[in-house]
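Below are the chains, spelled out letter by letter.
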Amino acid sequence: MMTPRFINIGERTNVAGSAKFRKLIISEDYEGALQIARQQATNGAQILDINMDEGMLDGEAAMVRFLRMIAAEPDISRIPVMIDSSKWSVIEAGLKNVQGKGIANSISLKEGEAPFVEQAELIRRYGAAVVVMAFDEDGQADTFERKTEICKRSYDLLVGIGFTAGDIIFDPNIFAIATGIEEHNNYAVDFINASRWIRDNLPHASISGGVSNVSFSFRGNDAVREAIHSVFLYHAIKAGMNMGIVNPGQLVIYDEIDPELKELVEDVVLNRRDDGTDRLLEIAERYRSKGGKTQEE
């Protein structure tokens, strides 16, 4: 299997992913927020993830205002936009105002098949691609079996209503590993294996995910988090993952990770040893001051 080209989805224009962006939007400093979008483009983001889900905001108004500002900036508007919201009304407002082909993030089978199909039909009419979460009436998929079952069911429904398979992007859920809870130890492996299954069984669909979730148990230790992201992506991309919400300016090159750290991180990501988390925790403090910018910026 040929390794797919990986597409970086910039995460800093997301009020949930960037404290700085959130403060700028809440204070209505949209020019400052626009600079963050420009930095994302400069740093290698190939899609901008825009999220305005914050209790103090009118999400629809903020989304529309920001999208219209981006459209007037040639160096930003050349990059496709992912309209990211847990509220359907915000996604639809975004789709009405996005320039070019947008991506709706996300829909799922959480409320059943009827709302899923209804939203998918509208997204198709707007000419957008769609992110489908591995989530159904019974909750989020956390095992290989649940991830693949939900993605297959979603794929069949979407293709059945005429959705172009190449416009389907699955998010099979990246969860935190090395939490100290045994049931969490295989989360990265299950995602990687599900990516391989989707690539082999659901033709033309893409595979994405929020990469920073995998390292959440090491928040505050950027060097270890960056190493976990790099190792996770190295294996997930080989398995078929071709998109991811990341900070492109903060990805460390796999071959440049300190060999000792890389081996211990791979033990954890690939769930190769029962004591993997303890062994990584033992050396984690040595790397705490060596990371890049903090994840919360």
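Please refer to the structure placed before this passage.
None of these values were measured; they are calculated from a predicted model.

**Student:** Help me understand the overall build of the chain in this model?
**Tutor:** If you tally the helices and strands in the chain, you get 11 helices and 10 strands. A globule of 297 residues ought to have a C-alpha radius of gyration of about 19 Å, and the chain, at 19 Å, matches this closely. Referenced to the eigenvectors of the C-alpha coordinate spread, the extents of the chain come out at roughly 50 × 45 × 35 Å. The buried share among the 297 residues of the chain stands at 57%. For the chain, the proportion of contacts with a sequence separation of at least 24, taken over those separated by at least 6, is 73%.

**Student:** In this structure, what is going on with unusual backbone geometry? I would like to understand it.
**Tutor:** For residues besides glycine, phi is generally negative; the peptide bonds are generally trans as well. The peptide bond linking Asn105 to Ser106 adopts the cis configuration, its omega dihedral lying at 15 degrees. Its identity as a non-glycine residue notwithstanding, Asn173 has a phi of 75 degrees, on the positive side. As for its position among the elements, Asn173 is in the loop between strand E8 (168-171) and helix H8 (187-201). For Asn173, a relative accessible area of 3% puts it in the buried group.

**Student:** Explain the sheet that holds strand E4 (residues 103-107) here, please?
**Tutor:** The strands making up a sheet associate through hydrogen bonds between their backbones, and the pairing can be parallel or antiparallel. Across the sheet, 8 strands lie side by side as E9-E8-E5-E4-E3-E2-E1-E10; this open sheet has parallel pairing. On the outer flanks of this sheet lie strand E9 (206-207) and strand E10 (243-246), each paired with one strand and no other. Strand direction decides the pairing type here: strand E1 (residues 7-10) and strand E2 (residues 47-51), joined by 2 bridges, are parallel. Following the sheet pairing, Gly10 is matched in E2 by Leu48. Packing of helix H3 (residues 59-71) onto the sheet brings it into contact with E2 and strand E3 (81-84), and relative to E2 it is tilted by some 155 degrees.

**Student:** Teacher, can you tell me more about the pattern of salt bridges here?
**Tutor:** As a working rule, side chains carrying opposite charge can pair if their charged atoms are close by. According to the stated counting rule, one finds 15 salt bridges in the structure shown. Here Glu113 makes a salt bridge to Arg153, at a shortest N to O gap of 3.1 Å. Separated by 40 residues along the polypeptide, Glu113 in helix H6 (residues 113-125) and Arg153 in helix H7 (residues 144-160) bring together distant segments of the chain. One salt bridge in this structure joins Glu137 and Arg153, with 2.9 Å as the shortest N-O distance. In this pair, Glu137 sits in the loop between strand E6 (135-136) and strand E7 (139-140) while Arg153 sits in helix H7, placing the two residues 16 residues apart along the sequence.

**Student:** Quick question: what am I supposed to make of the pairing of E3 here?
**Tutor:** Every other side chain in a regular strand lies on the same face of the sheet, so the side chains alternate between the two faces. Burial along E3 is two-sided: the residues Val81 and Ile83 and Met82 and Asp84 are all buried. Where E2 and E3 come together, 4 bridges link them in parallel fashion. Within the sheet, the bridge partner assigned to Ile50 lies in E3 and is Ile83. Relative to E4, E3 runs parallel, the two being bridged by 3 bridges. Bridged to Met82 within E4 is Ile103.

**Student:** Just checking my understanding: could you explain the packing of aromatic side chains for this structure?
**Tutor:** Aromatic rings in a pair are described by how distant their centres are and how their planes are angled relative to each other. Overall, the coordinates contain 6 aromatic pairs when judged by the stated rule. Between Phe191 and Phe232, the ring centres sit 5.5 Å apart and the planes meet at 45 degrees, which makes this aromatic pair tilted. Of this pair, Phe191 sits in helix H8 while Phe232 sits in helix H9 (residues 222-239), placing them 41 residues apart in sequence. Chaining the aromatic ring pairs together yields one cluster made of Phe21, Tyr30 and Phe66.

**Student:** Even after reading the chapter, I still don't get the packing of helix H1 (residues 19-26) against helix H2 (residues 30-42), so can you show me in this structure?
**Tutor:** Axis angle and axis distance: for two packed helices, these are the angle between their axes and the distance between the axes, and together they describe the pair. At a closest axis distance of 8 Å, the pairing of H1 and H2 adopts a crossing angle of 150 degrees. The pairing of H1 with H2 is recorded here as roughly antiparallel in orientation. Here the hand of the crossing between H1 and H2 comes out left-handed. Counted together, Lys20, Phe21, Leu24 and Ile25 of H1 and Tyr30, Gly32, Ala33 and Ile36 of H2 form the full contact between these two elements. Partitioning the contact of H1 with H2 into residue classes produces 6 nonpolar, 1 polar and 1 charged.

**Student:** What's the story with the pairing of E2 in this structure? I'm lost.
**Tutor:** Among the 5 residues in E2, 5 count as buried, and that is most of the element. Residues Ile47, Asp49 and Asn51 point to one face of E2 and Leu48 and Ile50 to the other, with burial holding for every one of them.

Conventions and cut-offs
For every chain, the first residue of its written sequence is number 1, and the numbers climb from 1 along that sequence. Thresholds applied to this predicted model are a pLDDT of at least 70 for local features of residues and 80 or more for the giving and counting of side-chain atom pairs; totals over whole chains, interfaces and linings are not thresholded and use all residues. With hydrogens and water set aside, each side-chain value is computed from the structure's full complement of heavy atoms. Helix numbers and strand numbers start at the N terminus; a helix is a DSSP run of H or I with at least 4 residues, a strand a run of E with at least 2. For the radius of gyration, the atom set is restricted to C-alpha positions; the globular benchmark scales as 2.2 Å times the number of residues to the power 0.38. In this scheme, a residue with accessible area under 20% of its type's maximum is buried, one over 50% is exposed, and one in between is partly exposed, where area comes from a 1.4 Å probe on protein chains only. Here, two residues are considered to be in contact whenever any of their heavy atoms come within 4.5 Å of each other. Strand pairing requires that DSSP identify at least two bridges connecting the strands. Helix axes are fitted to C-alpha atoms over the stretch in contact, other axes to C-alpha atoms as well, and angles between N-to-C directions run from 0 to 180 degrees. Salt bridges are defined by distance alone: a side-chain nitrogen of Lys or Arg within 4 Å of a carboxyl oxygen of Asp or Glu. Note on ring pairs: Phe, Tyr and Trp rings are taken, using the six-membered ring of Trp, and paired if centres are within 6.5 Å. Classes follow the plane angle, with under 30 degrees stacked, over 60 edge-to-face and the rest tilted. Angles below 35 degrees are treated as roughly parallel, those above 145 as roughly antiparallel, those between 65 and 115 as roughly perpendicular, and all remaining angles as oblique. What makes a crossing left-handed is the near helix being turned counterclockwise from the far one by less than a right angle; a clockwise turn instead makes it right-handed. For this scheme, ten residues count as nonpolar: Ala, Val, Leu, Ile, Met, Phe, Trp, Tyr, Cys and Pro. Four count as charged, namely Asp, Glu, Lys and Arg, and the remainder, Gly too, count as polar.

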